[in-house]
Amino acid sequence: MSDQLLIDHIDKIHTTEMGIDRIKRNLKLDTDDVVEFCKRLILDKNCHTYRQGKNWYCELDNIRITVNAHSYTMITAHVMN
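So, how was this worked out
Residues numbered from 1 in each chain as written. Predicted model: local features only at pLDDT ≥ 70, side-chain atom pairs only at ≥ 80, totals over all residues. Heavy atoms only, no water. Helix = DSSP H or I, 4+ residues; strand = E, 2+ residues; numbered from the N terminus. Rg over C-alpha atoms; globule rule 2.2 N^0.38 Å. Buried < 20%, exposed > 50% of the residue type's maximum accessible area, 1.4 Å probe, protein only. Contact = heavy atoms within 4.5 Å. Areas by Shrake-Rupley, 256 points an atom, 1.4 Å probe, with all protein chains shown as cover. Lys, Arg positive; Asp, Glu negative; His and termini not counted. Charge placed at Lys NZ, Arg CZ, Asp CG, Glu CD. Phe/Tyr/Trp six-rings, centres within 6.5 Å; stacked < 30°, edge-to-face > 60°. Axes fitted to C-alpha atoms, helices over the stretch in contact; angles between N-to-C directions. Parallel < 35°, antiparallel > 145°, perpendicular 65-115°, else oblique. Left-handed = near helix turned anticlockwise from the far one by under 90°. Nonpolar A, V, L, I, M, F, W, Y, C, P; charged D, E, K, R; others polar.

Undergrad: Just give me the short version of the overall build of the chain, but keep the residues and values in it.
TA: Secondary structure assignment for the chain yields 3 helices and 4 strands. Its C-alpha atoms give the chain a radius of gyration of 11 Å, within 12% of the compact-globule value 12 Å for 81 residues. If you line up the chain on its principal axes, its C-alpha atoms span 30 × 25 × 20 Å. For the chain, with 81 residues in total, the buried portion stands at 42%. Long-range contacts, defined as pairs at least 24 residues apart, comprise 40% of the intrachain contacts of the chain with a sequence gap of at least 6. When the accessible surface of the chain is totalled, it reaches about 5100 Å², and 48% of it is carbon and sulfur. The average position of the 11 basic charges and that of the 12 acidic charges among the side chains of the chain differ by 6 Å.

And the structure:
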């Protein structure tokens with residue numbers, strides 16, 4: 001499945017309050033707009049995006065963002081080792 005589907009629905013990407021806290025903690029972010037930060041990463045031309053099961057995974061540099069493929073909710077983001 002093409003990652004273009006996620007890009008086409010970039011405006012639907014959102015997260016919960018708990019998601020914001022989790023992503024900020026995991027990525028050590030000092031921004032309040034976690035969703036916009038992650039959208040910029042997802043839209044980067046070097047971002048590798050793929051769908052596995054019910055989730056999209058977006059990897060850029062050492063960060064992986066997990067987005068639910070049906071609701072477009074960002075579940076989490078991690079620094080990969």
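Undergrad: Before we move on, could you go through the side chain of Thr49 and cite the residues and values that matter?
TA: The residue Thr49 is located in strand β1 (residues 48-52) in this model. On the basis of relative accessible area, Thr49 is assigned to the buried category, the value being 10%. Contact partners of Thr49, with chain neighbours within four places excluded, come to Asp3, Leu6, Trp56, Tyr57 and Cys58.

Undergrad: Before we move on, could you go through the packing of aromatic side chains and cite the residues and values that matter?
TA: Throughout the structure, instances matching the rule amount to 1 aromatic pair. Centroid distance Tyr50 to Tyr57: 5.5 Å. Interplanar angle 25°. Geometry classified as stacked. The exposure class of Tyr50 is partly exposed, given its relative accessible area of 23%.

Undergrad: So, the environment of Leu43: which residues are in play, and what are the values?
TA: Following the sequence through the fold, Leu43 ends up in helix α3 (residues 34-43). The exposure class of Leu43 is partly exposed, given its relative accessible area of 46%. It is 9.6 Å that separates the C-alpha atoms of Leu43 and Leu6, two residues lying 37 residues apart in sequence.

Undergrad: A description of the packing of helix α2 (residues 17-27) against α3 should follow, citing residues and the corresponding values.
TA: Where α2 contacts α3, the axes come no closer than 10 Å and their chain directions differ by 60°. With respect to α3, the axis of α2 lies oblique. Regarding α2 and α3, the two cross each other, and that crossing is left-handed. Facing α2, whose interface residues are Ile20, Ile23, Lys24 and Leu27, α3 presents Val34, Phe37 and Cys38. Looking at side-chain class alone, the contact of α2 with α3 contains 6 nonpolar, no polar and 1 charged residues.

These figures come from the coordinates and say nothing about function on their own.
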